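Here is what each chain is made of, one letter per residue.
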Amino acid sequence: MTDVRVRFAPSPTGYLHIGGVRTALFNWLFARHHGGTFVLRIEDTDRDRSTDEAIDAILEGLRWTGLDWDEGPFRQTDRLDLYREKSQQLFDQGKAYWCVCTPEELELRRKEAQAKGESIKYDGRCRDLGITKPAQPAALRFKSPQEGQTVVDDLIKGKIVFENTVLDDLIILRSNNYPTYNFSVVIDDALMGITHVIRGDDHVNNTPRQVPMFEALGYQVPHFAHLPMILGSDKARLSKRHGATSVLAYQEMGYLPEALVNYLVRLGWSHGDQEIFTIQEMIEKFSLKNVQSSAAVFNPEKLQWLNAEYLKQGDPRVMAELLVPFLEKHGYDPKGAVQPQGGLEAVIPHVRERATTFLEMADWVLPFISEPVTMDEEAAMKFLTPAIAPTLKKFAERLSGLAGLSKEEVDPIIQAVLEEDGLKMGKFAQPLRVALTGRTFSPGIHEVMQLLGKERVLLRIAQAVSRMGF
RNA sequence: GUCCCCAUCGUCUAGUCUGGCCUAGGACGCCGCCCUUUCAAGGCGGCAACGCGGGUUCAAAUCCCGCUGGGGACGCCA
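None of these values were measured; they are calculated from a predicted model.

1. A closer look at the sheet that holds strand β4 (residues 96-99)
Paired through backbone hydrogen bonds, the strands of a sheet run either parallel or antiparallel to each other.
Argument step 1. Pairing is antiparallel across the open sheet formed by three strands, whose spatial order is β4-β5-β8. Only two strands of the sheet have a single partner each, and these edge strands are β4 and β8 (171-173). In this sheet, adjacent strand axes meet at a mean angle of 45° when their direction is disregarded.
Argument step 2. Of the strand pairs in this sheet, strand β5 (residues 139-142) and β8 are connected by two bridges, and their pairing is antiparallel. Bridge pairing in β8 links Leu 140 to Leu 173.

Written out as structure tokens, the structure reads:
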């Protein structure tokens with residue numbers, strides 16, 4: 001164990017999105033790489049927008065991705081006394097002051113300033129009023145330094161210099177006695193002993209506002225590392241209009257968490273030319289030094305490719321298990337009578353290189369888990385013609401005398417039938433495929449027959465032949 | 001408007017710190033060929049980038065400046 005302590009601090013105002021998972025992942029990898037501690041903290045100081053459902057969704061999303069936390073989840077609303085005490089301390093020390101401007105007034109002034117093209121920062125009109133016990137609703141503001149510079153030595157972006165004149169006197173305690181983000185985050189990061197604050201790029205501008213607070217309270221300032229944003233295909237910040245952004249939506253679409261994590265780790269981080277990493281490799285190789293400083297566009301196609309790779313490598317038994325929920329949506333009963341020969345597990349090797357997600361895989365498995373088979377009418381029209389019926393029928397008759405359905409046993413029969421009827425394999429294979437699977441595409445004919453078993457093969461051929469009028 | 005960040009194929013990126021090994025590498029996608037009873041997978045090949053302009057230097061993707069472009073932040077949201 002080292003003394004590295006990092007945290008993931010989402011606000012529970014919605015589901016856990018892709019960007020959040022990436023931030024959590026990089027924190028988690030940093031912690032695991034250094035043998036440190038990963039803290040989960042829920043920043044729910046916005047009373048109006050925070051919900052318990054969102055907290056549940058975030059925890060569920062995190063669990064699905066496998067990013068386990070060592071401490072927490074802590075809720076900021078359980079720590080309100082702490083923030084009030086610390087804000088009082090700042091007031092007592094003359095480092096904070098009461099502001100009686102109303103939100104409406106502030107909003108109006110901002111708009112006016114914007115219209116005139118002037119600075120929209122707070123004008124500090126309550127700063128020297130010396131209010132000690134406000135008679136009306138009031139917010140507590142932190143006296144930000146107005147001289148000199150605040151320098152942030154970002155672990156990813158390098159040195160960033162801010163003129164303190166751009167700093168606002170931030171509200172640290174709202175008139176409803178709740179702390180604001182920029183204050184509670186400082187208190188918690190300090191008190192929880194966070195050594196490295198690894199967060200999204202969108203917080204860069206918050207950093208020079210938070211640093212003076214650490215200093216005013218006599219806390220050690222943590223190291224900062226700002227991760228590049230994830231953008232949508234139009235290069236705007238990734239949002240709902242770019243499609244699925246909730247992690248759990250990816251679970252529903254049939255992605256493996258390992259694939260998503262692998263995709264996300266390569267978004268802004270790299271290790272030479274390597275594309276596929278086990279979790280262990282990620283932990284070993286991860287370093288903030290190799291984190292990109294520019295934003296990255298989310299590319300669903302590459303995620304899909306990675307998912308396909310993981311599908312191809314996975315243990316068939318595990319894959320089969322994960323596939324079940326997707327099949328159940330099609331009416332599959334894991335304990336029902338209609339099963340592939342050898343069980344679901346036996347189908348996996350034949351369908352997984354044809355699918356990129358479990359959703360697609362389920363579709364490939366459909367012909368083996370439903371009875372009767374669902375016939376694609378267009379395919380039937382084209383291939384199940386009366387001309388081929390006698391050949392199919394003859395084939396079925398010969399097949400019924402066979403002990404097994406191995407390629408060695410079946411092939412001679414096919415060859416014989418083709419020769420007798422003067423047909424080429426190309427003319428026979430597709431009709432047989434359609435008869436057996438109801439589709440024009442499937443795993444190899446031999447595999448299909450073996451997975452179906454002789455009884456169902458004969459049944460399906462018979463059904464196909466009879467629909468041709470024989 | 002003000003402040004901050006960023007800039008290599010369509011996309012993710014290697015190379016940039018420590019200039020020469022870069023005729024700029026890999027991956028996704030796309031295109032072609034091979035394999036093939038279908039669909040895939042697989043194999044082989046191809047297209048495709050250092051934003052622009054100035055410096056510095058024997059030498060610049062790499063260092064410096066400017067421009068342009070993109071992103072982010074400016075809330076009693078986080």
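Still to come is the rest of the account.
2. Describing helix α12 (residues 344-351)
A turn of α-helix holds 3.6 residues, and therefore any two residues three or four places apart point the same way.
Argument step 1. Within the span of α12, buried status applies to Leu 344, Val 347, Ile 348 and Val 351. Down the axis of α12, the buried side of the element spans an arc of 115°, and every buried residue falls inside it.
Argument step 2. Contact partners of the buried residues in α12: α11 (316-328), α13 (358-369) and α18 (445-452).

3. Here's the deal with the pattern of salt bridges
Two side chains bearing opposite charge may form a pair once their charged atoms approach each other closely.
Argument step 1. Counting across every chain of the model gives 32 salt bridges.
Argument step 2. Across the salt bridge formed by Arg 127 and Asp 169, the nearest N and O atoms sit 2.8 Å from each other. Residue Arg 127 is found in the loop between α4 (103-116) and β5, and its partner Asp 169 is found in the loop between β7 (158-163) and β8; the two are separated by 42 residues along the sequence.
Argument step 3. Lys 407 is the partner of Asp 411 in a salt bridge, and the nearest nitrogen-oxygen pair spans 3.1 Å. Taken together, the residues Asp 411 and Lys 407, both in helix α16 (residues 407-421) and four residues apart, mark about one turn of the helix.
Argument step 4. Residue class for Lys 407 comes out partly exposed when judged on its relative accessible area of 43%.
Argument step 5. Linked through salt bridges whose partners overlap, the residues forming this network are Arg 7, Arg 41, Glu 43, Arg 79, Asp 188 and Asp 189.

4. Comments concerning the pairing of β5
Argument step 1. Here β5 shows a buried face lined by Ala 139 and Arg 141 and a second buried face lined by Leu 140 and Phe 142.
Argument step 2. Two elements, β4 and β5, share four bridges in a ladder whose sense is antiparallel. Its bridge partner lying in β5, Tyr 97 is registered against Arg 141.

5. Let's talk about the sheet that holds strand β1 (residues 5-8)
Argument step 1. Spatially, the three strands line up as an open sheet ordered β1-β2-β3, and their pairing is parallel. Strands with a single pairing partner mark the edges of an open sheet, and in this sheet they are β1 and β3 (71-75). Ignoring which end each strand starts from, the neighbouring axes of this sheet average 25° apart.
Argument step 2. Of the strand pairs in this sheet, strand β2 (residues 37-42) and β3 are connected by three bridges, and their pairing is parallel. By the bridge assignment, Arg 41 is partnered in β3 with Phe 74.

6. Notes on the packing of aromatic side chains
Argument step 1. Applying the stated criterion to the full structure yields 10 aromatic pairs.
Argument step 2. Relative to Phe 298, the ring of Tyr 263 has its centre 5.3 Å away and its plane inclined at 85°; by these criteria the two rings are edge-to-face. Remark: Phe 298 occurs in the loop between β12 (296-297) and α10 (300-313) and Tyr 263 occurs in helix α8 (residues 257-265); sequence separation between them is 35 residues.
Argument step 3. Accessibility expressed as a relative area gives 8% for Phe 298, which makes it buried.
Argument step 4. Taken together, Phe 26, Trp 269, Phe 277 and Phe 286 form an aromatic cluster joined through their ring pairs.
Argument step 5. Taking the ring centre of Tyr 122 as reference, the NZ or CZ of Arg 141 above it sits at 3.4 Å.
Argument step 6. Over the face of the ring belonging to Trp 364 we find Arg 354, whose NZ or CZ atom lies 5.9 Å from the ring centre.

7. Notes on the confidence of the model for chain A
Argument step 1. Of all residues in chain A, 100% attain a pLDDT of 70 or more, and the chain-wide mean is 94.
Argument step 2. For this predicted complex, the interface confidence score (ipTM) comes to 0.95, while the overall pTM stands at 0.94.

8. Overview of the protein's contact with RNA strand B
Argument step 1. The local shell around RNA strand B holds 61 residues, among which Asp 46, Arg 174, Gly 268, Glu 353 and Arg 433 are the closest.
Argument step 2. Each atom of RNA strand B within 4 Å of the protein was classed as base or backbone; sugar and phosphate made up 69%.
Argument step 3. With respect to RNA strand B, the side chain of Lys 312 contributes an N or O atom lying 2.9 Å from a sugar or linking oxygen.
Argument step 4. Of all the secondary-structure elements, those providing two or more residues to the surface near RNA strand B are α4, β7, α5 (181-191), β12, α10, α17 (425-437) and α18.
Argument step 5. For the surface near RNA strand B, the per-class residue count stands at 21 nonpolar, 21 polar and 19 charged.

What counts, and where the lines are drawn
Residues numbered from 1 in each chain as written. Chains lettered and ligands numbered in written order. Predicted model: local features only at pLDDT ≥ 70, side-chain atom pairs only at ≥ 80, totals over all residues. Heavy atoms only, no water. Pairing = 2+ DSSP bridges. Helix = DSSP H or I, 4+ residues; strand = E, 2+ residues; numbered from the N terminus. Axes fitted to C-alpha atoms, helices over the stretch in contact; angles between N-to-C directions. Buried < 20%, exposed > 50% of the residue type's maximum accessible area, 1.4 Å probe, protein only. Arc of directions from axis to C-beta. Contact = heavy atoms within 4.5 Å. Salt bridge = Lys/Arg side-chain N within 4 Å of Asp/Glu carboxyl O. Phe/Tyr/Trp six-rings, centres within 6.5 Å; stacked < 30°, edge-to-face > 60°. Lys NZ or Arg CZ within 6 Å of the ring centre and 35° of its normal. pLDDT = per-residue confidence, 0-100. Near = heavy atom within 4 Å. Polar contact = N/O pair within 3.5 Å; in protein donor to acceptor, adjacent residues only side chain to side chain. Nonpolar A, V, L, I, M, F, W, Y, C, P; charged D, E, K, R; others polar.

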